[in-house]
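# What the coordinates show
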Amino acid sequence: MDSSNRLFNRQRTVHEILGGGLVADVMLWRRGNLTMGILLVTLAAWVVFEKSGYTLLSLVSNVLLLLIVILFLWAKSAAILNRPAPPLPELYLSQEMVDEVGAFIRAHVNDFLSASRDIALGKDARLFFKAAAYLLLISVVGSLADFLTLGYTSLVVVLTVPALYERYEDYIDSYTVLGSRKMQQLYVKFDSKFVNRFQKWILERQKLS
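Residues numbered from 1 in each chain as written. Predicted model: local features only at pLDDT ≥ 70, side-chain atom pairs only at ≥ 80, totals over all residues. Heavy atoms only, no water.

Looking up the chain in an unreviewed UniProt entry gives the name Reticulon-like protein, with the organism given as Hibiscus syriacus. Quoted straight from UniProt, the Subcellular location (unreviewed entry) entry for the chain says "Endoplasmic reticulum membrane". (UniProt positions renumbered as here; feature names shortened; annotations may be inferred.)

Now the structure itself:
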């Protein structure tokens, strides 16, 4: 299919867009046993959380407590019996790693703040409608499920939607591109009839005041 009929005019494959490594293989079911194992383990964890009444914080705390107790007793017994200590890697964050993460977070936070300012000042109507739609969707989804269920559902979506898209991408791309063009035409009509008039009305009110 011609790249102009692909989503976002992309020329790379889905596998390449996802990084082309182990993560891409898992998401696209090229390592089916591993993907299925992840789904089954997360399903079991979700059932345990739902049925036992455990919260994520309490479970993590108990697991960490058990881990440090085992390591502490292992280290003490190894010292007494002249055995090797637990094989723990050196836990250290380099300054370079901290700088890279800080720069990444700073860039995205600045982009978010800039976009928020444009929305608040009415400079980008399209961005406003996108943000409103996303926030409404998050609100609706959040009211229908708790955080744990939402997390498990998100994982299922991540491990199924890309694989289904790769399998049927020709059909999905053609219909999506066609629908996007129709939506753009509707947006242009809506913008010319309502948004521009609303902006002109605001400017007139400001001049009068």
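Once the structure has been displayed, the description carries forward.
### Describing the overall build of the chain
Scanning the chain from N- to C-terminus turns up eight helices and zero strands. Element order for the chain, N to C, with α for helix and β for strand: α-α-α-α-α-α-α-α. Burial statistics for the chain: of 209 residues in total, 12% are counted as buried. Pairs at least 24 residues apart make up 56% of the contacts formed inside the chain by residues separated by at least 6 positions. Entry remark: accessible area of the chain is about 17,000 Å², with carbon and sulfur atoms responsible for 67%. (Helix = DSSP H or I, 4+ residues; strand = E, 2+ residues; numbered from the N terminus. Buried < 20%, exposed > 50% of the residue type's maximum accessible area, 1.4 Å probe, protein only. Contact = heavy atoms within 4.5 Å. Areas by Shrake-Rupley, 256 points an atom, 1.4 Å probe, with all protein chains shown as cover.)

### Some remarks on the packing of helix H3 (residues 32–52) against helix H7 (residues 147–167)
Packing of H3 against H7 leaves a shortest axis separation of 10 Å and a crossing angle of 170°. When the axis of H3 is compared with that of H7, the two are roughly antiparallel. Counting all contacts with H3, which are made through Thr35, Ile38, Leu39, Thr42, Leu43, Trp46, Phe49 and Glu50, the residues of H7 involved are Leu148, Thr149, Tyr152, Leu155, Val156 and Leu159. Of the residues belonging to the contact of H3 with H7, the class tally is 10 nonpolar, three polar and one charged. (Axes fitted to C-alpha atoms, helices over the stretch in contact; angles between N-to-C directions. Parallel < 35°, antiparallel > 145°, perpendicular 65-115°, else oblique. Nonpolar A, V, L, I, M, F, W, Y, C, P; charged D, E, K, R; others polar.)

### Examining the UniProt feature "transmembrane region" (unreviewed entry) in the chain
UniProt records the feature "transmembrane region" (unreviewed entry) for residues 32–49, 55–75 and 132–165 in the present numbering. Taken as a whole, residues 55–75 contains 95% helix and 0% strand, while its terminal C-alpha atoms sit 30 Å from one another. Structurally, residues 132–165 is divided into 94% helix and 0% strand, and its ends, taken at the C-alpha atoms, are 26 Å apart.

### Brief notes about the packing of aromatic side chains
Aromatic ring pairs: the centre-centre distance and the angle between the two ring planes describe each pair. Counted according to the given criterion, the structure contains two aromatic pairs. Taking the centre distance of 5.9 Å and the plane angle of 15° together, the rings of Trp46 and Tyr152 count as stacked. With a gap of 106 residues between them, Trp46 in helix H3 and Tyr152 in helix H7 connect regions that are remote in the sequence. Judged by its relative accessible area of 26%, Trp46 is partly exposed. Here Phe128 and Phe129 contribute two aromatic rings whose centre-to-centre distance is 5.2 Å and whose plane-to-plane angle is 65°, an arrangement assigned as edge-to-face. Under the relative-accessibility criterion, Phe129 is labelled partly exposed at 35%. (Phe/Tyr/Trp six-rings, centres within 6.5 Å; stacked < 30°, edge-to-face > 60°.)

### Considerations on the pattern of salt bridges
Side chains bearing opposite charge may pair, as long as their charged atoms lie close to each other. The tally for this structure, following the rule as stated, stands at two salt bridges. With a shortest N-O distance of 3.6 Å, Arg31 and Asp25 are connected by a salt bridge. With a relative accessible area of 43%, Arg31 lands in the partly exposed category. Residue Glu166 is joined to Arg30 by a salt bridge in which the shortest nitrogen-to-oxygen separation is 2.6 Å. Of the two residues, Glu166 is situated in helix H7 and Arg30 in the loop between helix H2 (22–27) and H3; the sequence distance between them amounts to 136 residues. (Salt bridge = Lys/Arg side-chain N within 4 Å of Asp/Glu carboxyl O.)

### Regarding unusual backbone geometry
For Trp29, which is not glycine, the phi dihedral falls at a positive 60°. Looking at the element boundaries, Trp29 is found in the loop between H2 and H3. Given a relative accessible area of 31%, Trp29 falls into the partly exposed group. Here Asn82, not a glycine, exhibits a phi torsion of approximately 60°, which is positive. Following the sequence through the fold, Asn82 ends up in the loop between helix H4 (56–81) and helix H5 (95–120).

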